[in-house]
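Residue-level listing of the chains:
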Amino acid sequence: MTFEPTDLGRSKADLAETLRTLRRQAGLSGDRLALRCGMSQSKISKIETGRATPSLVDVERILRALNAPSSLVAEIVALARIANTEWQDARNLRRKGLDKKQAELAELEKSAREFRFFLLSMITGLLSTPDYVKATLAHIPGDHSRTIARKLDRQAVLYDRSKSFTFVLTEQAVRWPILRPAAMAVQIDHLASLSRLPSVRLGVIPIGGYLPSCPLNTFTVYDSRMATVEVSTGAMVFRDPRDVRSYLDEFTGYERCALFGDEARARLSEWSDMCRGDL
């Protein structure tokens, strides 16, 4: 399916209006439709007013209850798929202020309990040293002092024992030389240190050996309710359970290929020593 940014912006309202219109055309009240779908009336109301975005499963249940014409089902399901997908344009984020994005991430990290990060090419902010954070923003013009401070403040969540973090990093992500060798060695040592936190499970995938699939993107899964997928010009946000499940399954595949615990720390120590050897 092709996603147009303009479609992603209006699809939620369009979906709500379409479902509301179909219910009225079927001569059903919200209560009657809720009963047929096995949903609460309040959920139907929130969906029809755009206050809640239904999953594809919800939409399919509603369409069956309404005996919707087959000619409309594919179109509405496609609309629901778009409504559950959000495009976050990197240029717009920069215009609004990168520190605001950090505030949004902090709220998300506050509400979620289980996090899975697959890091293909760089180290995420939660695991970064101050020097590494600064280096990731160096190519963007402007003063980033507030953004850097908020990125570092967010790292406190790693010490919350009510949460669970699993990070899987490729060797490329760990060793990409965004810093001078001495600073990269410190960053890699920092990863090893964080791997000992009770809430953190950190794995690395060394280059070499057999890997059954080829990753295309960095992505994060929050609980089982949302996945964010990064590309060079922004990020896609998926909320439909089927999409989220797809990324959970992909993560599980990479997790099986990763080294954890003492094996991971031994490999990190080796890579850190290699950086120091370049001094």
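Residues numbered from 1 in each chain as written. Predicted model: local features only at pLDDT ≥ 70, side-chain atom pairs only at ≥ 80, totals over all residues. Heavy atoms only, no water.

## Some words on the pairing of strand β7 (residues 234-238)
- Extensive coverage of β7 is indicated by the burial of five of its five residues.
- The alternating pattern of β7 places G234, M236 and F238 and A235 and V237 on opposite faces, both of which are buried.
- Direction of pairing for strand β1 (residues 85-89) relative to β7: antiparallel, over a ladder of five bridges. Paired with W87 across the two strands is M236, which belongs to β7.
- Pairing of strand β6 (residues 226-231) with β7 involves five bridges; the strand directions are antiparallel. Residue V229 lies in a different strand from β7, and its bridge partner there is M236.
- Adjacent in sequence and paired antiparallel, β6 and β7 are bridged by two residues. (Buried < 20%, exposed > 50% of the residue type's maximum accessible area, 1.4 Å probe, protein only. Helix = DSSP H or I, 4+ residues; strand = E, 2+ residues; numbered from the N terminus. Pairing = 2+ DSSP bridges.)

## Thoughts on the pattern of salt bridges
- Counted according to the given criterion, the structure contains 16 salt bridges.
- The salt bridge partner of R242 is E60, with a shortest N-O separation of 2.7 Å. Of the two residues, R242 is situated in helix α12 (residues 241-257) and E60 in helix α4 (residues 56-65); the sequence distance between them amounts to 182 residues.
- Between E86 and R239 there is a salt bridge, with the nearest N and O atoms lying 3.2 Å from each other. With E86 in strand β1 and R239 in the loop between β7 and α12, this pair connects stretches of sequence that are 153 residues apart.
- E86 sits in the partly exposed class, given a relative accessible area of 28%.
- What makes R239 partly exposed here is its relative accessible area of 37%.
- Via salt bridges that share partners, K43, D58 and R61 belong to a single interconnected network. (Salt bridge = Lys/Arg side-chain N within 4 Å of Asp/Glu carboxyl O.)

## Digging into the packing of helix α7 (residues 98-111) against helix α9 (residues 145-154)
- In contact at an axis separation of 8 Å, α7 and α9 are set at 15° when each is read in the N-to-C sense. By the angle between their axes, α7 is roughly parallel relative to α9. In this structure, the crossing between α7 and α9 has a hand that is left-handed. The residues of α9 that touch α7, namely those facing L98, D99, K100, Q102, A103, L105, A106 and E109, are R146, T147, R150, K151 and R154.
- Residues that form the contact of α7 with α9 fall into these classes: four nonpolar, two polar and seven charged. (Axes fitted to C-alpha atoms, helices over the stretch in contact; angles between N-to-C directions. Parallel < 35°, antiparallel > 145°, perpendicular 65-115°, else oblique. Left-handed = near helix turned anticlockwise from the far one by under 90°. Contact = heavy atoms within 4.5 Å. Nonpolar A, V, L, I, M, F, W, Y, C, P; charged D, E, K, R; others polar.)

## Looking at the environment of S45
- Relative to the elements of secondary structure, S45 occurs in helix α3 (residues 41-48).
- When its relative accessible area of 23% is taken as the criterion, S45 is described as partly exposed.
- The spacing of S45 and D189 is 144 residues in sequence and 52 Å in space, taken between C-alpha atoms.

## Let's talk about the packing of aromatic side chains
- In the structure shown here, the tally under the stated rule is eight aromatic pairs.
- Both rings, one in F219 and one in Y247, keep their centres 5.1 Å apart while their planes meet at 55°; by these two values the pair is tilted. One end of the pair, F219, is in strand β5 (residues 219-222); the other, Y247, is in helix α12, with 28 residues separating them in the sequence.
- A relative accessible area of 1% places F219 in the buried class. (Phe/Tyr/Trp six-rings, centres within 6.5 Å; stacked < 30°, edge-to-face > 60°.)

## Regarding the side chain of T129
- Relative to the helices and strands, T129 resides in the loop between β2 (114-119) and α8 (130-137).
- Other than its neighbours up to four places away in sequence, T129 contacts V186, Q187 and H190.

## Looking at the pairing of β2
- β2 sits mainly inside the fold: five of its six residues count as buried.
- Two strands pair when backbone bridges link them, and β2 and strand β3 (residues 164-170) are joined in this way by six bridges, in the parallel orientation. Its bridge partner lying in β3, F115 is registered against F165.
- The pairing of β2 with β5 spans four bridges and is classified as antiparallel. Bridged to R116 within β5 is V221.

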